[in-house]
Amino acid sequence: MKPFILTFSIVMLIGVSGIATYQWIVEPVKSVNTSHFQVSVDRVETVGESETELAAEVEEQTKAQIEEIISVNDKYDDVLNDPEYMVENNIYAKNAAEPDQVTITFAGDILFDENYAIMTRVVGNDDISNGISPELIEEMKSADIMMLNNEFPYSDGGSPLEEKQFTFRAKPYRVSYLNDLGVDIVSLANNHAYDYGESAFLDTMATLESAGIAYVGAGRNLREARRPVYYIINNMKIAIVSATQIERLDQPDTKGATDSSPGVFRCWNGDNLLETVREAKENSDFVIVYLHWGTENVSEIDWAQEKQGAEVAAAGADLIIGAHPHCLQPIGIVQGVPVVYSLGNFWFNSRTMDTGMIKVELDENGLKSCRFLPCLQQGSRTVLLQGEEKLRVLNDMRNMSAGVQIDDEGYITW
C-alpha cells in the first residue's frame, strides 16, 4: 500500500475515534468509514481500556481491511490507491461477505421525524428495533450494500416551507439509526428533502457525510446532485444513480440543483438523467437507477413511469427501483431490465400497509437473482412476514405484475 494511504487512514481515524470511542467500548460491532473505504471493527472492547489503545487497535484493523479490499479488487487497484480520486468521483470500496457475489438490498421510504406517529415506539428509548423488527434488521445488515429512500432532512434549523401540507425534519443525531440498520447509501432525490429550506438541506448532506452514509440524488450543485455513487466490491464496479420526477411542476417546492445552487436531481425533464445513466454505463459493470416517481396511493403505474422506465432502460440501466407512491406497485420487465415500480412505505407512518424489500445478487456475469421479501408496516412497526401473510403479499404482487413469475420464496424470474 502506498504510504499516503496509510497516512490518510490514520488522520481520518483520529477524527472519528474521539467521537465513537464510548460506543466501541459498550457495543460489539461498529462500522468505520476511512475516506471512502467502508470497513468494520468487530471486537468487543474492554471497559477501562485507554482511548490511545482503542485508537491504535482500530487503526491496525482498519489498515488491514483496506489492504484486503485493495488486494481482492486488483482490477481497480489504481483507483483504490488514489483516495483523492475516490472522493472526487464518489467511489466507495468494501469487502463482500461472499467471494463470488455481491448482495444488495433496497427498501422504500423512511421517516425519523418525532412529530409523526411513526416514531411512537422509538422516542424515549432510541432503539430502532422497536420500530423495525430484529429479523428485518438482520436481513438488512447481511447485505453487502443496503439502500433506502431518506424522505426528510436532518437539521435543527431552517423553517418549514409554507406552501407544503406536510413537512418533515429529523434531529441530526437520529442519523445513527441508519448505521443501526446497516444502511450504506440513501437516496435524497425526493419531494421532502428540501422541506425546511436550503440550510436544512445542506445540514442533511453534512450529517450523512459525518455518519459515513453515502447519498445520491442531491448535491451542493447540479454536478454533485447528478453524480452517481460507485461501489468497488468483488472486482466489480457498481453504479447507483437517483433522481426524482416529483413534484411535476416547473417551479417545485423541492428545489432542483442548478450549476450554482444546491438541490435534488430532478428528472421530470429526463435529458440529464439519461445522460448520467449513459455515463454510468460506460464507467461501471452494473447500473442501478433509483427513481422517485409515480402517483401517491395508487398501485397502478402511470404514464410517466412507463415512459421514463423505457428511456432509462434504453440508456443502460441494469436494474430500476422506484419509490414515492407510498404503496406497492408492480414488478415488470422493460427491454429485459427488471423494474420495481414502487417499494412503498418501508417505515413511514402508522398505517397498516404491505411493503417489502428487494434483494439482488450480482456476480461477474451481472444479475444472478432478484427476490422480493414481503413485509408489513403496522402500528408504527415494520416486520418481515412469514407463513400465510407472506404468501398473501406474494400473491398480490403476482396478480399485479404481468410478465414476471414470483415463486413462494419471492424469487422473480422472466
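Provided above is the structure to which this section pertains.
As a starting point, this report considers the structure included with it. (Residues numbered from 1 in each chain as written. Predicted model: local features only at pLDDT ≥ 70, side-chain atom pairs only at ≥ 80, totals over all residues. Heavy atoms only, no water.)

Some points on the packing of aromatic side chains
For the structure on display, the rule yields 10 aromatic pairs. On the basis of an interplanar angle of 85° and a centroid distance of 5.0 Å, the ring pair of Tyr116 and Phe168 is categorised as edge-to-face. On the criterion of sequence distance, the pair formed by Tyr116 in the loop between strand E4 (102–110) and helix H5 (134–142) and Phe168 in the loop between strand E5 (145–150) and helix H6 (176–181) is long-range, its members being 52 residues apart. The class for Tyr116 is partly exposed, based on a relative accessible area of 28%. Relative accessible area serves as the criterion here: at 5%, Phe168 is assigned to the buried category. Judged by centre distance (5.6 Å) and plane angle (85°), the ring pair of Phe168 and Phe348 falls under edge-to-face. Of this pair, Phe168 sits in the loop between E5 and H6 while Phe348 is found in the loop between strand E16 (345–347) and strand E17 (353–363), placing the two residues 180 residues apart along the sequence. No difference in accessibility class separates Phe168 from Phe348, as the two residues are buried. Over the ring of Tyr230 we find Lys237, and its NZ or CZ is 4.6 Å from the ring centre. (Phe/Tyr/Trp six-rings, centres within 6.5 Å; stacked < 30°, edge-to-face > 60°. Helix = DSSP H or I, 4+ residues; strand = E, 2+ residues; numbered from the N terminus. Buried < 20%, exposed > 50% of the residue type's maximum accessible area, 1.4 Å probe, protein only. Lys NZ or Arg CZ within 6 Å of the ring centre and 35° of its normal.)

Some words on the side chain of Asn190
On the secondary structure map, Asn190 appears in the loop between strand E6 (185–187) and helix H7 (197–211). There is a polar contact of 3.1 Å between the side chain of Asn190 and the side chain of Asn149. At 3.0 Å, the side chain of Asn190 and the backbone nitrogen of His192 are in polar contact. Among residues more than four places away in sequence, those in contact with Asn190 are Asn149, Asn150, Glu151, Thr244, Thr254, Val264 and His292. (Polar contact = N/O pair within 3.5 Å; in protein donor to acceptor, adjacent residues only side chain to side chain. Contact = heavy atoms within 4.5 Å.)

A closer look at helix H11 (residues 387–400)
One turn of the α-helix equals 3.6 residues, which is why residues spaced by three or four share an orientation. In a regular helix each residue adds 1.5 Å, so 14 residues correspond to 20 Å; H11 covers 21 Å between its end C-alpha atoms and thus fits that length. Buried within H11 are the following residues: Lys390, Val393, Leu394 and Met397. Looking straight down H11, one finds its buried side chains confined to an arc of 100°; they lie on one side. Projecting away from the buried face of H11 at angles above 90 degrees are the exposed residues Glu388 and Asn399. Here the buried face of H11 lies against strand E14 (331–334), E17, strand E18 (366–378) and strand E20 (405–406). (Expected span 1.5 Å × (residues − 1). Arc of directions from axis to C-beta.)

Description of the nonpolar core
Counting 42 residues, the largest nonpolar core has Phe112, Leu148, Leu178, Phe346 and Trp347 as its most contacted members. Listing elements by their share of this core, those giving two or more residues are E4, H5, E5, H6, H7, E16 and E18. The element best represented in this core is H7, accounting for four residues. For Leu178, the contacting residues outside a window of four places in its chain are Ile110, Phe112, Leu148, Asn150, Tyr154, Val183, Val186, Leu208 and Ile213. (Core = buried A, V, L, I, M, F, W, Y, C linked by side-chain atoms within 4.5 Å.)

Structural notes on unusual backbone geometry
In the segment running from Ile246 into Glu247, the intervening peptide bond is cis, with an omega of 0°. With respect to the helices and strands, the residue Glu247 is situated in the loop between strand E10 (236–244) and strand E11 (263–264). Phi at Asn235 is positive, roughly 60°, even though this residue is not glycine. Its relative accessible area of 24% is what places Asn235 among the partly exposed residues. Here His324, not a glycine, exhibits a phi torsion of approximately 115°, which is positive. Within the element layout of this structure, His324 appears in the loop between strand E13 (319–323) and E14. For His324, a relative accessible area of 3% gives the class buried.

Some details on the pairing of strand E3 (residues 91–94)
Neither face of E3 is left uncovered, since the one carrying Ile91 and Ala93 and the one carrying Tyr92 and Lys94 both have all their residues buried. Bridging between E3 and strand E9 (residues 229–233) involves three bridges; their strand directions are parallel. The residue bridging Ala93 from the neighbouring strand is Ile232, located in E9. (Pairing = 2+ DSSP bridges.)

Here we look at the pattern of salt bridges
For the coordinates displayed, the defined rule picks out 22 salt bridges. Of the charged contacts, one joins Arg226 and Glu275 as a salt bridge, the two residues approaching to 3.6 Å between their closest N and O atoms. Taken together, the positions of Arg226 in helix H8 (residues 222–226) and Glu275 in helix H9 (residues 271–282) put the pair 49 residues apart, joining distant regions of the chain. Close ionic contact of Asp318 with Lys281 constitutes a salt bridge, the shortest N to O distance being 2.9 Å. (Salt bridge = Lys/Arg side-chain N within 4 Å of Asp/Glu carboxyl O.)

Some thoughts on the environment of Tyr196
Here Tyr196 lies in the loop between E6 and H7. Residue classification places Tyr196 among the buried residues on the basis of a relative accessible area of 12%. The spacing of Tyr196 and Phe168 is 28 residues in sequence and 7.7 Å in space, taken between C-alpha atoms. Not counting residues up to four positions away in its chain, the partners in contact with Tyr196 are Pro153, Gly157, Gly158, Ser159, Pro160, Thr167, Phe168 and Arg169.

Some details on the side chain of His192
Note on placement: His192 falls in the loop between E6 and H7. The contact partners of His192, leaving out residues within four places of it in the chain, are Glu151, Phe152, Pro153, Lys164, Phe166, Phe168 and Thr254.

That is the geometry; function is a separate question.
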